[in-house]
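Structure assessment
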Amino acid sequence: MISFSILDLSPIGEGETVSKALENSRRMAIKAEENGYERIWLAEHHGMPGIASAATSLVIAHVGAATKRIRVGSGGIMLPNHSPLVIAEQFGTLAALLPGRVDLGLGRAPGTDVRTARALRRNMDAGAESFPQDILELQQYLGEPIQDQAILSVPGINSNVPIWLLGSSVYSAHLAAALGLPYSFASHFAPDMLMDAIAIYRERFQPSATLSEPYVMVGVMGVGAETDEEAQHLFTSAQQQLVNLRKNIRTQFPKPVESMDSHWSDMERMTVDHTLRYAVVGSHATVERKLAEFLSDTGADELIVSMPVHDIEKRLRSVEVFAEVRGGLRLAA
């Protein structure tokens, strides 16, 4: 049975607080564990009034403390924003607090706008270009020290926290394959290169000390509800959010609306529909049909679902719907 996981952005709902968003993430993690999900990941974003997971390591510790078995981690840490040593210390600490449960997913995008990225990095010249070398440095900090190693990550050394590579382009596919790392593609918001990236990763994969054969995770936006109509209504929050991002309008995560007609132009609607073309939104039966097709097409080893639902009770119900579908899912040969 294919593993299902959850990507949580700790959404700050319209009219709600950061404290409420973080409490909702805790409840999501508990619900995911109760329903057999493999892992719950938090994502690093900065300067966004609708996302509370900027201090990603802290939020991972928060949800990890509320659970016992489910894997927790980052989807992802935007490594160019940080010193590899700092991330090694943070995730080495998490691994000590939550033994055998921590994942470190890495991305190379800033997770924010240019000005905020500059405030985070200070030195923009040491950004995405050094990403491959930064990964190797991070692996050394988290692994067994070599003789006379000058810099030690404490905590971190010998923790062997599993590293994943995240991406939305073929660049990340080439790099994950060359390094022999598990690969998660951001098809929930960047669908265009999904099939090409998966093919490149599988064809060029080089076995490593940590992974003997390719392992692919794919992402979808997902809303499960009692009816297709209810799910589509709840999904208008995500549609509004994407329109706002395209316009550089920074708001809290919107409440759903009865109709999107007054919230987007025809061109904006087509852009959003294209970006979210892999979204799985609907009743139990609709979710099952769409997932079976998507997973058969990709041949993925694991699915990670981002559930953009404003109301936490409806979001928790969506977690249950996807778990119920997983239990009876049959993929085409």
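The following refers to the structure shown.

1. Some details on the packing of helix α1 (residues 18–34) against helix α11 (residues 312–328)
Between α1 and α11, the least distance of the axes is 10 Å, while the angle of their chain directions is 20°. Considered as vectors, α1 and α11 are oriented roughly parallel to each other. The element α1 and its partner α11 pack so that their crossing is right-handed. On α11, the residues touching K20, N24, R27, M28, K31 and A32 of α1 are I312, E313, R315, L316, V319 and E320.

2. Some details on helix α10 (residues 284–298)
The end-to-end C-alpha distance of α10, which contains 15 residues, comes to 21 Å, matching closely the 21 Å that a straight helix rising 1.5 Å per residue would cover. Looking at the residues trailing α10, positive phi occurs at G299, about 60°.

3. Examining the pattern of salt bridges
Applying the stated criterion to the full structure yields 14 salt bridges. R27 is the partner of E313 in a salt bridge, and the nearest nitrogen-oxygen pair spans 2.9 Å. With E313 in helix α11 and R27 in helix α1, this pair connects stretches of sequence that are 286 residues apart. For E313, a relative accessible area of 45% translates into the label partly exposed. Linking R317 and E320 is a salt bridge whose minimum nitrogen-to-oxygen distance equals 3.1 Å. With R317 and E320 both in helix α11 and 3 residues apart, this pair spans about one turn of that helix. Of the residues examined, E320 reaches a relative accessible area of 23% and is grouped as partly exposed.

4. Observations concerning the environment of N160
Tracing the chain through its elements places N160 in the loop between α5 (131–142) and β5 (163–167). A relative accessible area of 53% means that N160 is categorised as exposed. A sequence separation of 41 residues divides N160 from Y201, and the C-alpha atoms of the two residues are 23 Å apart. Aside from chain neighbours lying at most four places away, what touches N160 is L142, G143 and E144. A polar side-chain atom of N160 sits 3.4 Å from the main-chain carbonyl oxygen of N158.

5. Quick word on the environment of V161
When you line up the elements, V161 lands in the loop between α5 and β5. Taking the relative accessible area as the measure of exposure, V161 reaches 7% and is therefore buried. Taking the C-alpha atoms as reference points, V161 and G100, 61 residues apart in sequence, are found 8.2 Å from one another. Ignoring sequence-local partners within four residues, the contact set of V161 consists of F91, A95, V102, D103, L104 and L142.

Reading guide: rules and limits
Residues numbered from 1 in each chain as written. Predicted model: local features only at pLDDT ≥ 70, side-chain atom pairs only at ≥ 80, totals over all residues. Heavy atoms only, no water. Axes fitted to C-alpha atoms, helices over the stretch in contact; angles between N-to-C directions. Helix = DSSP H or I, 4+ residues; strand = E, 2+ residues; numbered from the N terminus. Parallel < 35°, antiparallel > 145°, perpendicular 65-115°, else oblique. Left-handed = near helix turned anticlockwise from the far one by under 90°. Contact = heavy atoms within 4.5 Å. Expected span 1.5 Å × (residues − 1). Salt bridge = Lys/Arg side-chain N within 4 Å of Asp/Glu carboxyl O. Buried < 20%, exposed > 50% of the residue type's maximum accessible area, 1.4 Å probe, protein only. Polar contact = N/O pair within 3.5 Å; in protein donor to acceptor, adjacent residues only side chain to side chain.

It is worth stressing that arrangement in space is one thing and function is another; only the former is reported here.
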